[in-house]
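What follows is the residue order along each chain.
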Amino acid sequence: MVPTAWKYVAATAALFSGRAAAQTYTSCNPLSSTCPADTALGMAIDVDFTQGEVNSFTNSGGEPTYGSDGATFTVRQSGDAPQLTSVFYIMFGRVEISLKAAPGAGIVSSFVLQSDDLDEIDWEWLGADSTEVQSNYFGKGITSSYNRGQFHEMGNNQDGFVTYVIDWTSDRIVWTVDGTAVRTLQASDAESNQYPQTPMQVKFGAWSGGDSSNAQGTIEWARGPTDYSQGPFSMSVKSIKVTDYSTGHSYTYGDTSGSWQSITADGGQVNGNLGNADTLTTTAVASGSTSTDTASVPAGGIGGSSSDSSGSSDSSNLPEGWVMTSEGKIVPSGSNTLRPIYPFIFIFTFCATLAGSRRFWL
């Protein structure tokens, strides 16, 4: 465990590194532009990656591999940043992920919810410390301060799979580790205009914060530099369960306020599935969390070269006649088996490529 004092030193270095430790970017920000509607999940899915890939998540920054450990994200060299991004959005909800973090100084495993107007909720694991996880949140891409992050002590997160949950409503966010609530943020306690409250995509993967191409503050935050000769470094996700607390087929921003009350659920209702919030269960409330008073975890998603496409926030609704199954597969209506939907996948990937010269970390 790295001493708390060291964390504050590294955090301060990130803040004064001469540039933001990381940047977020959106291909179309609804607060300043007219953007396409966001594809809504509008239901609950349970994806078992040990059974292979599913077409409700697109990859970028490198190809995950699939096996008995589920989806594995490997960083072998500079620029590797494999991630999966959902083609759908949730408007409040619960996301549960079974994850084994990657080892290695400078290596970062990430699980991020992020919206088109750059609201964000994070879990992150630094490979240099297997007994700690970090939680964070941002609103509207505002990174003038980095004091929202917290460090949470836990058992070894690199030896086996641990279940992490983000449970997000209009009133509060709860982060849990194996059923233990390690952090609760009330909307009323968030910094001004910083409470995340707009439709979010789900993103997860691994990257090298300790790469020499990054800002010095980012390298220090990631406890780098990264020595690639000690790799490869792999993070694995066995499964993910996503419950959307709203219903409908798409989400639209009604104005430029960025408030949840301005969001329209087309064909459904915001908070129309809120009864499933009762599925959140905790067995304890953890101690051992450390706040960051000056600077900390950078905003973003998964890092890497800006030339790679990412899961795009320039969304497209599911084609007519196609539906999402509870296993997270996009299939024809009335079908219980997955058939290729190459035209849709091509169109979505093409749009993602055009919009995806974005990167969530520099």
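What comes next concerns the included structure. All values reported here derive from a predicted model rather than from experimental measurement.

Rules and cut-offs
Residues numbered from 1 in each chain as written. Predicted model: local features only at pLDDT ≥ 70, side-chain atom pairs only at ≥ 80, totals over all residues. Heavy atoms only, no water. Helix = DSSP H or I, 4+ residues; strand = E, 2+ residues; numbered from the N terminus. Buried < 20%, exposed > 50% of the residue type's maximum accessible area, 1.4 Å probe, protein only. Disulfide = S-S within 2.5 Å. Salt bridge = Lys/Arg side-chain N within 4 Å of Asp/Glu carboxyl O.

Digging into unusual backbone geometry
The omega torsion of the bond from glycine 224 to proline 225 falls at 10 degrees, within 30 degrees of zero and hence cis. The residue proline 225 is located in the loop between helix 2 (216-221) and strand 16 (233-244) in this model. For the bond running from glycine 231 to proline 232, omega is 5 degrees, close enough to zero to count as cis. Here proline 232 is to be found in the loop between helix 2 and strand 16. In the Ramachandran plot, lysine 140 falls in the positive-phi region, its phi being about 60 degrees despite a non-glycine side chain. With respect to the element layout, lysine 140 can be found in the loop between strand 10 (132-138) and strand 11 (150-153). Judged by its relative accessible area of 13%, lysine 140 is buried. The phi dihedral of asparagine 271 is positive, around 70 degrees, even though this residue is not glycine. The topology assignment puts asparagine 271 in the loop between strand 18 (263-266) and strand 19 (284-285).

Here's the deal with the state of the cysteines
For the structure shown, the criterion picks out one disulfide. Paired through a disulfide, cysteine 28 and cysteine 35 show a sulfur-sulfur distance of 2.0 Å. On the S-S bond that ties cysteine 28 to cysteine 35, the torsion sits near -90 degrees, and the link is left-handed. Overall, the relative accessible area of 15% leaves cysteine 28 in the buried class.

What to know about the pattern of salt bridges
Summed over all chains, the structure comprises ten salt bridges. A salt bridge links aspartate 69 to lysine 100, with the shortest nitrogen-to-oxygen separation between them at 3.2 Å. With aspartate 69 in the loop between strand 4 (65-67) and strand 5 (70-75) and lysine 100 in strand 7 (residues 93-100), this residue pair connects regions lying 31 residues apart in the sequence. On the basis of relative accessibility, which here comes to 28%, the residue aspartate 69 falls in the partly exposed class. The residue aspartate 167 makes a salt bridge to arginine 172 at a minimum N-O spacing of 2.6 Å. For aspartate 167, a relative accessible area of 0% corresponds to the buried category. In the salt-bridge network here, residues are joined through shared partners; they are Arg94, Glu96, Asp167, Arg172 and Lys241.

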